[in-house]
2 protein chains.
Amino acid sequence: MENHEKHMFARRNDTLRQRLKDKGLDAYLTFDQSDVMYVSGMPSEGCFVLISQSGDFLFAPLLLAEHARAVVQKPMKVVEDRRLLKAMAGIIKKNGLKKIGYDPDKIQVGLFKSLSSLPNVHWEPLGGFILWQRMFKDAHEIGLISKACQLTTRSAEKCLATLKEGITEQELSFKLERLFQDGGSVKPAFETIVAFGESAAYPHHVVTKKKLGKNMAVLMDLGSSMEGYKSDLTRTGFFGKISPRFKKIYNIVKEAQAAGIAAVRDGVAAGKVDFVCRETIRKAGFGKFYVHGTGHGVGLDIHEPPRLGISVKDILKENMVVTVEPGIYLPGEFGVRIEDTVLVTKGGCKVLTVV
Amino acid sequence: MENHEKHMFARRNDTLRQRLKDKGLDAYLTFDQSDVMYVSGMPSEGCFVLISQSGDFLFAPLLLAEHARAVVQKPMKVVEDRRLLKAMAGIIKKNGLKKIGYDPDKIQVGLFKSLSSLPNVHWEPLGGFILWQRMFKDAHEIGLISKACQLTTRSAEKCLATLKEGITEQELSFKLERLFQDGGSVKPAFETIVAFGESAAYPHHVVTKKKLGKNMAVLMDLGSSMEGYKSDLTRTGFFGKISPRFKKIYNIVKEAQAAGIAAVRDGVAAGKVDFVCRETIRKAGFGKFYVHGTGHGVGLDIHEPPRLGISVKDILKENMVVTVEPGIYLPGEFGVRIEDTVLVTKGGCKVLTVV
């Protein structure tokens, strides 16, 4: 772990602590794997974290304690125990923590019942408390996302440039994922989508053994990851002689995406970016074939806030990372989606999915 | 989808329905992805299922509806809607479902709050209701698990037989996963563990770029999957001239595992299998270096019930699939774990992790 990271987690957690204080809370408890990674650097499932006015604690099962001790930086403490909830109860009591926040969308009913039985603790529902802070990426995070974005883009371009008749969707997805591995991405950010021909008309197509034939659309939606940070890219190409119909649709989507990217800047409503993409496609006569939202935040999770959708009022801010991904889907024909991951800046945005 | 599958899901769900009736319940609601796969064949996240005395319903978001309609078999109905919870509330009301079971360990506090607001419905906590049935594998499931087990074993043996100095843990894990892909397993059952030398002393070691050198232990814990059904195997080898120390430890673990496998049969307590493994290792003087349980069920989830651990009283039954995986971990030296996946039979068990 590099030296600057030693201060990175402490800095993030100090900000969280201050925000807790402003809300009159003594602590915040998270079981969410991406939250845990963000506040501690610990990537494994099965750990949880308590950020409190009396210090920060990572709770690790015995089998992960060695790993946790190697990863977690002071001043966060690693608590290893056979009975982690009991150990946490002891810390809560000892430090007199009385008002503790949690995310009701990230904690199961059964577990919450156990927590609720702790005496003298008030549990305050506080959805997305850490997620809200995770929306604003620091330099370390932007560096990792950029690296993942570049690898993803290089891999996609390489595969598109060397398409061969007869390759299956599955083989092409494996090829992309192997390029990720060779480039230093241990695992893909999500299940790679490769869709040939008519299958490209389904935005969430699941890869099959369908073979690439002449004059087929090729849609690839893919992302590599770097130290947990993800990237998201879609490219749509055409194998063979490009039909006028494909060219027309492609150009509309391209124009819509350019308009969307041009609209991204610090201070703009997320819904506005969706609106300009949607308007371009609607005016071209294909509005009803644009069947999904325009984008989403990207970070430790592949889908994070903010959401770029119809009427979303959330404001895009400097250092958010979001996708812009309009598409047109023509059932029985083909689909075109063009997606890039961009960094919101003061005056506009920087496209991260470049070679 | 083959023809026998058309009846498979209906058969499973009829059994669930009868069990609900026996408990005086009108329905059971599950959001768990493996449960949903088991009752409907739908592998994607974001769907949920209601099994009821008035019929079975899979709720699919619009973007997955096409896929759901292709996968889901009658008599289960696919409900596609922009507002799925509202659609479900309508079905619950229309069919007069009043007592509905759910798994408190698989449903978030926030979502449950929405469900609790439905009028005239009593929600009955019923943890592991579908999981309990999933413990008993049918012929279709045993076929898929066997296929995954064989591919996993072939891949491990091939890699062990062709180890080369200088390969990194990560490269070896990629090599194993590529053999899975070539063999028809779209993704690994879990994050492949490869540990060289001292790293093998940590049961949950995370793969690094450490290079293989002469006279190192090589521990590989891996699993391929077939149509969602998983396999689990650990092999420990030695690269170079096997040291007497490694040989001694290896033989103790091998003996412990053989004793464990010999103890598996319909009617035996899961804790008994753990006991015989643990006793063998304890008698050899290494009891305190056996730091985890002896095994777990394997199916759509890599870790399912039953758990084979100290004093577990659950009884192993015919057609359960479990792992037997004792190990000895010597910090600063190396570790040895030997794991196979076995099918419980009337008189014993059948090892599925064979070539």
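Rules used in this analysis
Residues numbered from 1 in each chain as written. Chains lettered and ligands numbered in written order. Predicted model: local features only at pLDDT ≥ 70, side-chain atom pairs only at ≥ 80, totals over all residues. Heavy atoms only, no water. Helix = DSSP H or I, 4+ residues; strand = E, 2+ residues; numbered from the N terminus. Rg over C-alpha atoms; globule rule 2.2 N^0.38 Å. Contact = heavy atoms within 4.5 Å. Areas by Shrake-Rupley, 256 points an atom, 1.4 Å probe, with all protein chains shown as cover. Lys, Arg positive; Asp, Glu negative; His and termini not counted. Charge placed at Lys NZ, Arg CZ, Asp CG, Glu CD. Domains from an automatic or database assignment. Buried area = accessible area lost by both parts, 1.4 Å probe. Salt bridge = Lys/Arg side-chain N within 4 Å of Asp/Glu carboxyl O. Nonpolar A, V, L, I, M, F, W, Y, C, P; charged D, E, K, R; others polar. Buried < 20%, exposed > 50% of the residue type's maximum accessible area, 1.4 Å probe, protein only. Pairing = 2+ DSSP bridges. Axes fitted to C-alpha atoms, helices over the stretch in contact; angles between N-to-C directions. Polar contact = N/O pair within 3.5 Å; in protein donor to acceptor, adjacent residues only side chain to side chain. Least-squares fit on C-alpha atoms with pLDDT ≥ 70 in both. Disulfide = S-S within 2.5 Å.

(A) Layout of the overall build of chain A. The secondary structure content of chain A amounts to 10 helices and 18 strands. Rg of the C-alpha trace for chain A: 23 Å, near the compact-globule value of 20 Å for 355 residues, within the 12% margin. C-alpha atoms of chain A, sized along the principal axes, occupy 70 × 40 × 40 Å. Restricting to contacts in chain A with at least 6 residues of sequence separation, those with at least 24 account for 65%. Only carbon and sulfur atoms are counted for the fraction: they give 54% of the accessible area of chain A, which is about 15300 Å². Side-chain charges in chain A split into 51 positive and 40 negative, and the spacing between the mean points of these groups amounts to 1 Å.

(B) Region of interest: the domain arrangement of chain A. Residue and element names in this part refer to chain A. Segmentation of chain A into domains returns domain 1 (3–134) and domain 2 (139–351). A straight line from the C-alpha centre of domain 1 to that of domain 2 covers 34 Å. Ranking the residues of domain 1 by area buried against domain 2 places Met37, Leu131 and Arg134 at the top, with a combined share of 47%. Across the domain 1-domain 2 interface, the total number found is 3 salt bridges. The residue Arg134 makes a salt bridge to Glu304 at a minimum N-O spacing of 3.2 Å. Of all the secondary-structure elements, those providing two or more residues to the side of domain 1 that touches domain 2 are α1 (3–22), α2 (33–40) and α6 (129–134). In terms of residue count, the dominant contributor to the side of domain 1 that touches domain 2 is α1 (4 residues). Considering only residue class, the side of domain 1 that touches domain 2 consists of 4 nonpolar, 2 polar and 3 charged.

(C) Quick look at the pairing of strand β1 (residues 27–30) of chain B. All names here are of chain B. Here β1 shows a buried face lined by Ala27 and Leu29 and a second buried face lined by Tyr28 and Thr30. Where β1 meets strand β5 (residues 99–102), 2 bridges bridge the pair, whose relative direction is parallel. Paired with Tyr28 across the strands is Gly101, a residue of β5. Pairing geometry for β1 and strand β2 (residues 48–52), over 4 bridges, is antiparallel. Bridge assignment links Ala27 to a residue of β2, and that residue is Ser52.

(D) Region of the structure containing the sheet that holds strand β6 (residues 122–125) of chain A. All names here are of chain A. Strand order in this open sheet of 6 strands is β4-β3-β2-β1-β5-β6, and the pairing throughout is mixed. The sheet is open, and its two borders are formed by β4 (77–80) and β6, each paired with just one other strand. Neighbour to neighbour, the strand axes of the sheet diverge by 25° on average, direction disregarded. Note: strand β2 (residues 48–52) against strand β3 (residues 55–60), 5 bridges, orientation antiparallel. Looking across to β3, one finds that Ile51 is bridged to Asp56. Each of β1 (27–30), β2 and β3 is contacted by α2, which is oriented at about 55° to β2, the strand it contacts most.

(E) Main features of the environment of Ala256 of chain B. Relative to the helices and strands, Ala256 of chain B is located in helix α9 (residues 244–263). Spatially, the C-alpha atoms of Ala256 of chain B and Arg282 of chain B are 9.8 Å apart, while their sequence positions differ by 26 residues.

(F) Region of the structure containing the interface of chain A and chain B. Each side of the interface is counted separately: chain A has 30 residues, and chain B has 29 residues. At the boundary of chain A with chain B, total buried surface from both sides reaches about 2400 Å², with 60% on carbon and sulfur atoms. Ranking the residues of chain A by area buried against chain B places Leu63, Val109 and Arg178 of chain A at the top, with a combined share of 25%. Counting across the interface, chain A meets chain B through 4 salt bridges. The closest approach of N and O atoms between Lys187 of chain A and Glu191 of chain B, which form a salt bridge, is 2.6 Å. For the interface between chain A and chain B, the tally reads 13 residue pairs in polar contact (both at pLDDT 80 or more). Counting residues per element, the ones that place at least two in the side of chain A that touches chain B are α3 (62–71), α5 (109–116) and α8 (169–182) of chain A. For the side of chain A that touches chain B, the leading source of residues is α8 of chain A, giving 6 residues. For the side of chain A that touches chain B, a count of residues per class yields 14 nonpolar, 8 polar and 8 charged.

(G) Seen up close, helix α2 (residues 33–40) of chain B. Residue and element names in this part refer to chain B. Burial analysis of α2 places 7 of its 8 residues in the buried class, the great majority of the element. Those residues of α2 that fall on the buried side of the exposure criterion are Ser34, Asp35, Val36, Met37, Tyr38, Val39 and Ser40. Between a side-chain oxygen at the N-terminus of α2 and the backbone nitrogen of Ser34 the separation is 3.2 Å; the capping residue is Asp32. Directly beyond the C-terminal end of α2, a positive phi value near 85° is found at Gly41.

(H) Geometry of the relation of the copies chain A and chain B. For the pair chain A and chain B, the superposition axis carries a translation of 0.1 Å, the fit reaches an RMSD of 0.0 Å, and the rotation angle comes to 180°. Here the symmetry operator amounts to a two-fold rotation axis. Considering only C-alpha atoms, the part of chain A nearest the rotation axis is Gln108 of chain A, at 2.1 Å. Here 97% of the interface residues in chain A have copies in chain B that are interface residues too; the copies meet face to matching face.

(I) Local environment of the state of the cysteines. Under the definition given, this model contains 0 disulfides over all chains. There is no disulfide at Cys349 of chain A, and the cysteine sulfur nearest it, in Cys277 of chain A, is 11 Å away.

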